[in-house]
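Residue-level listing of the chains:
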Amino acid sequence: MKKVGFIVFEDFAIWQVALLQKFLNNNGYEIETLSIGGGLVRTDGGLYVASEALEGRDANEFEMLLLPGAGGAMPESLLENKELHLFLQTFKGLIAASCASTIIIASAGIFDGEYTTMPHMKDRFSSYFPEDGYCDCDVVSSEKIISARGYAHYDFMMAVLGRLGILEADPRLGRMALKLSKNQ
């Protein structure tokens, strides 16, 4: 079974990636939830999810890393966490980062070309983001990183599913994903 490392933090926006996780799970991907220190982590909706400690793990045991957006402010301690930076920097697979988690990618210094994020986040955390490569668009899919604005969760999901070859394997999935994302 292929594995996805789902990296979470306090007040993360699970709604931005919940449908994507369902489709990944349904298509043979095991999702392992990771966080700094492990334990229960609160979502922006008040639910708690159990997570394993990221520290000491080999990032390359995963095929993909998935980072959700955030409902609140991104804590500076997370952006300065050397263990998290090393984990991301040594990873050789696909990283999918939605909304505020693009700041984590930027703080680790691993953007590999064009990227996107919410404009106010780019402005507020400008010291982390590279000056070149910003795209004022909803989703950017570069060689190693898919980045997206938070409200573009459907397009983000489709970019990830497309990159992993899941849409090609099941063409009906695209139509189903659109219906479910519209709650039809």
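Going by the structure above, here's the rest.
Below you will find a few notes about this structure. The structure presented is a predicted model; accordingly, all values stated were derived computationally and were not measured.

1. Notes on unusual backbone geometry
Outside of glycine, negative phi angles account for most residues, and trans bonds account for most peptide bonds.
For step 1, the next point in the chain: Notably, Asp11 is not glycine yet its phi reads approximately 65°, a positive angle.
For step 2, the next point in the chain: In this fold, Asp11 is placed in the loop between β1 (2-7) and β2 (12-13).
For step 3, the next point in the chain: Here Cys99, not a glycine, exhibits a phi torsion of approximately 50°, which is positive.
For step 4, the next point in the chain: Given the relative accessible area of 6%, Cys99 is considered buried.

2. Comments concerning the pattern of salt bridges
For step 1, the next point in the chain: Enumeration according to the criterion identifies seven salt bridges in this entry.
For step 2, the next point in the chain: Here Arg42 ties to Asp11 by a salt bridge, and the two come within 2.9 Å at their closest N and O atoms. With a gap of 31 residues between them, Arg42 in strand β4 (residues 39-42) and Asp11 in the loop between β1 and β2 connect regions that are remote in the sequence.
For step 3, the next point in the chain: The exposure class assigned to Arg42 is partly exposed, which follows from its relative accessible area of 30%.
For step 4, the next point in the chain: The class for Asp11 is partly exposed, based on a relative accessible area of 27%.
For step 5, the next point in the chain: One salt bridge in this structure joins Asp170 and Arg172, with 3.4 Å as the shortest N-O distance.
For step 6, the next point in the chain: The class for Asp170 is partly exposed, based on a relative accessible area of 22%.
For step 7, the next point in the chain: For Arg172, a relative accessible area of 54% translates into the label exposed.
For step 8, the next point in the chain: Via salt bridges that share partners, Lys3, Glu32, Arg57 and Glu61 belong to a single interconnected network.

Criteria and cut-off values
- Residues numbered from 1 in each chain as written.
- Predicted model: local features only at pLDDT ≥ 70, side-chain atom pairs only at ≥ 80, totals over all residues.
- Heavy atoms only, no water.
- Helix = DSSP H or I, 4+ residues; strand = E, 2+ residues; numbered from the N terminus.
- Buried < 20%, exposed > 50% of the residue type's maximum accessible area, 1.4 Å probe, protein only.
- Salt bridge = Lys/Arg side-chain N within 4 Å of Asp/Glu carboxyl O.

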